[in-house]
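Architecture at a glance
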Amino acid sequence: MKRLLILVLAGSMTLATGFSQNCFTILVGKNASSDGSVFIAHNEDDLNDHNFVDLHKVPRMRHTAGEKQVFLSNTDSIDEVEETFAYFWITGSKYIEEQYLNEWGVAITSNSSRSNVQNGNGRIDHNLRRIVIERARTAREAVKIAGMVVERYGYASSGRIYSIADPNEAWAFEVTNGKHWIARRVPDDEVAIIPNSYVIKDVDEADTANVLASPDIRSYAVENGLYDPQQDRVFNFRKVYGHKNRNNATWNIARKWVVLNQLAPQQYDFNADFPFSFKPKHKINLQDLIDALGNHYENTRFAIHPSALAGSPHYASRLDVTDTLDVCNLYNDYGCITQLRGWLPPDIGNISWISPRYPCIQPFIPWYYGVNRISAGYEKATYAEALHNFNNKNLDYFELYPDHACWVFDDLANRVDSCYGREIGSIRGWKSGFQKDVFERLAEKERDISLTYKTDTDGALRILTDLSNGFAERALNETKDRLMKMKSHGQ
């Protein structure tokens, strides 16, 4: 009954607004963070009753001459390189649910968008990020590889924004339908916030240290009536190529506005011309990003009334405020904060902090890149099976893997939504305590692990693996305990 209520609400929102597949991302430059980390903070949002989320550690792979990676259409492919890099992979039951971190510390995720280009005849889509992550040693190289692939094959969907980073740089890569793209580097001392609309505006394309783009990005726009240099003068990519239904959507504006005002030194009006990036009011730390991904418009005019539908902000508040969407919302599959620390070996310095389902109720579990095993509850398909089915996700994952951890976290989220106002205080107390334990344990262990790594790399990786999996199993077991208590009370 609870699941039915949520599905009915979700369906009404989708029909009314069309935002069933969305995401939210924050990019933090290394000098804008409190410890020199580069961050990608991301909520993965997709509408599905049973969204499957599986984790994998994929090793380096050698490929024979003539071997190809086939695209989703099964009619196109790209030649494999001789050897592809290893990576940590978050995958799911949708083609768009793909997030990666490779052995060099190159990370990539994406947000859907929509462009004004409708006849670009593109042929590549979700394969793009995998091609990039298997071949790139730096974020800049990843941008260049992505650009070359798009120019050769064309992008199949209307538009998308890829967030790409390494321990030194963070980039926003924006692509339209067809063969046109632009990328802008986030200044080292700034933060960029990306909803589901393009964020790159006016740029100097001659500044190739910070801007890269397809060579005909302007001329194509002129030839197709998207840009008049005499009338508009300044070339604004967002204005020229972005579809007004995304650029002007309240559900995009509101999410950027609330986090911008949370992190920026000044307060922006809702209808202001938001910057591509900004210097934060203080150095950003991991907790700032955890708070941002769990945001529900607290202390703003969009905050939910406590009496509305059990007080749950994940769906109730959106029924009486037209076309708005929380950062942490009904469609969240997970939150992930990728932390990239260049002063440490990649195995230790690069971490995917993952919060299953709702970031507001689940702690962020630290998955070190160096893990050599993923707990059975979080990895049901093998990486080989997942790669085999990369272009075939028409599977009943709930039937295939009924005991996966993701369903447990989904069950708790749905039950909490049914009595949010009554349960959220207890949930927050548990989450805060768990997260505090994680931070303290890592601070205690990392120095010793780093020293061990110099003389006994395998031993250090075993410690890392046990640490990550221990927290993952604890989160799962404690979630199961909370579920049992709620069920015993008829919730």
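Our structure's up above, just so we're on the same page.
Note that the coordinates shown come from a computational prediction; the quantities given were computed from them, not determined experimentally.

1. Observations regarding the nonpolar core
Of all hydrophobic cores here, the largest spans 115 residues; its most connected members are Tyr241, Ile337 and Tyr378. If you tally residues by element for this core, the top one is helix α15 (residues 457-488), at ten residues. With sequence-adjacent residues up to four places away left out, Tyr378 is seen in contact with Val53, Asp54, Leu55, Ile365, Trp367, His404, Ala405, Phe409, Ala472, Glu473, Ala475 and Leu476. Core analysis: the next-biggest nonpolar cluster, separate from the first, contains 34 residues, Tyr100, Leu128, Trp171 and Leu387 among them.

2. Observations concerning the packing of helix α14 (residues 420-455) against α15
Remark: α14 packs on α15, axes separated minimally by 9 Å, with the N-to-C direction vectors making an angle of 170°. Between α14 and α15, the angle is such that the two are roughly antiparallel. Looking at the contact of α14 with α15, its residues break down into 15 nonpolar, six polar and seven charged.

3. What about the packing of helix α2 (residues 127-135) against helix α3 (residues 139-153)?
In contact at an axis separation of 9 Å, α2 and α3 are set at 135° when each is read in the N-to-C sense. Classified by the angle between their axes, α2 and α3 sit oblique to one another. Of the two elements, α2 crosses α3, and the hand of that crossing is right-handed. The residues of α3 that touch α2, namely those facing Leu128, Ile131, Val132 and Arg135, are Glu141, Ala142, Ile145, Ala146, Val149 and Val150. Taken together, the residues that form the contact of α2 with α3 break down as eight nonpolar, no polar and two charged.

4. Structural notes on the sheet that holds strand β13 (residues 181-185)
Strand order in the open sheet formed by eight strands is β3-β8-β9-β10-β11-β12-β13-β15, and the pairing between neighbours is antiparallel. A single partner strand is all that each edge strand has here, and the edge strands are β3 (53-58) and β15 (211-213). The average undirected angle you get between the axes of adjacent strands in this sheet is 15°. Contacting β8 (87-92), β9 (98-102), β10 (107-113) and β11 (155-165), α2 runs over the sheet at an angle of about 5° to β9.

5. Quick look at the environment of Thr338
Within the element layout of this structure, Thr338 appears in strand β17 (residues 332-340). Sequence separation between Thr338 and Lys94 is 244 residues; the distance between their C-alpha atoms is 21 Å. Setting aside its immediate chain neighbours within four residues, Thr338 contacts Val38, Phe39, Ile40, Gln99, Leu101, Ala107, Ile351 and Ser352.

6. Side note on the packing of aromatic side chains
Taken as a whole and assessed by the stated rule, the structure comprises 27 aromatic pairs. Aromatic side chains Trp257 and Phe302 sit 5.9 Å apart centroid to centroid with 85° between the ring planes, which places their arrangement in the edge-to-face category. With Trp257 in helix α8 (residues 250-263) and Phe302 in the loop between α9 (286-293) and β17, this pair connects stretches of sequence that are 45 residues apart. Phe302 matches Trp257 in its accessibility class, with the two residues each being buried. Ring centres of Phe270 and Phe302 lie 5.6 Å apart, and the angle between their planes is 50°; on these two criteria the pair is classed as tilted. Residue Phe270 is found in the loop between α8 and β16 (277-278), and its partner Phe302 is found in the loop between α9 and β17; the two are separated by 32 residues along the sequence. Each member of the pair, Phe270 together with Phe302, is buried. Taken together, the ring pairs connect Phe52, Tyr397, Phe398, Tyr401 and Trp407 into an aromatic cluster. Sitting over the face of the ring of Tyr369, Lys57 holds its NZ or CZ atom 4.2 Å from the ring centroid. If you follow Arg130 out to its NZ or CZ, it ends over the ring of Phe390, 4.7 Å from the centre.

7. Quick look at the layout of surface pockets
There is about 390 Å³ of room inside the largest pocket. Every residue lining the largest pocket is counted, 19 residues in all, and those nearest its centre are Gln287, Ile290, Asp291, Gly294 and Glu298. Broken down by secondary-structure element, the contributors of at least two residues to the lining of the largest pocket are α8, α9 and α14. The leading source of residues in the lining of the largest pocket is α14, at six residues. For the second largest pocket, the calculated volume is near 320 Å³. Along the walls of the second largest pocket sit 20 residues, with Arg238, Asn247, Ala272, Asp273 and Phe274 positioned nearest its centre. Where the lining of the second largest pocket is concerned, the elements lending two or more residues are α6 (237-241) and α8.

8. Some remarks on unusual backbone geometry
For Asn299, which is not a glycine, the phi torsion comes out positive at approximately 60°. If you trace the backbone, Asn299 turns up in the loop between α9 and β17. The backbone of Arg357 shows a phi angle near 65°, a positive value even though the residue is not glycine. Relative to the helices and strands, Arg357 resides in the loop between β18 (350-356) and β19 (365-368). A relative accessible area of 10% means that Arg357 is categorised as buried.

9. Remarks on empty space enclosed by the protein
One way to see where empty space is left: roll a probe the size of a water molecule over the atoms. With the rule as written, the count across this model stands at two cavities of 30 Å³ or more. Size it by volume and the second largest cavity reaches roughly 40 Å³. In terms of lining residues, the second largest cavity is bounded by Phe88, Ile90, Gln99, Tyr100, Leu101, Cys336, Thr338 and Ser352. Listing elements by their share of the lining of the second largest cavity, those giving two or more residues are β8, β9 and β17. Sorting elements by how many residues they give to the lining of the second largest cavity places β9 first, with three residues. Residues of the lining of the second largest cavity, tallied by class, amount to five nonpolar, three polar and no charged.

The rules we used
- Residues numbered from 1 in each chain as written.
- Predicted model: local features only at pLDDT ≥ 70, side-chain atom pairs only at ≥ 80, totals over all residues.
- Heavy atoms only, no water.
- Core = buried A, V, L, I, M, F, W, Y, C linked by side-chain atoms within 4.5 Å.
- Buried < 20%, exposed > 50% of the residue type's maximum accessible area, 1.4 Å probe, protein only.
- Helix = DSSP H or I, 4+ residues; strand = E, 2+ residues; numbered from the N terminus.
- Contact = heavy atoms within 4.5 Å.
- Axes fitted to C-alpha atoms, helices over the stretch in contact; angles between N-to-C directions.
- Parallel < 35°, antiparallel > 145°, perpendicular 65-115°, else oblique.
- Nonpolar A, V, L, I, M, F, W, Y, C, P; charged D, E, K, R; others polar.
- Left-handed = near helix turned anticlockwise from the far one by under 90°.
- Pairing = 2+ DSSP bridges.
- Phe/Tyr/Trp six-rings, centres within 6.5 Å; stacked < 30°, edge-to-face > 60°.
- Lys NZ or Arg CZ within 6 Å of the ring centre and 35° of its normal.
- 1 Å grid on protein atoms, 1.4 Å probe; cavity = no way out; pocket = protein on both sides within 12 Å on 5 of 7 lines; lining within 4 Å.
- Points joined across faces, edges and corners; volume = space filled by probe spheres on them.

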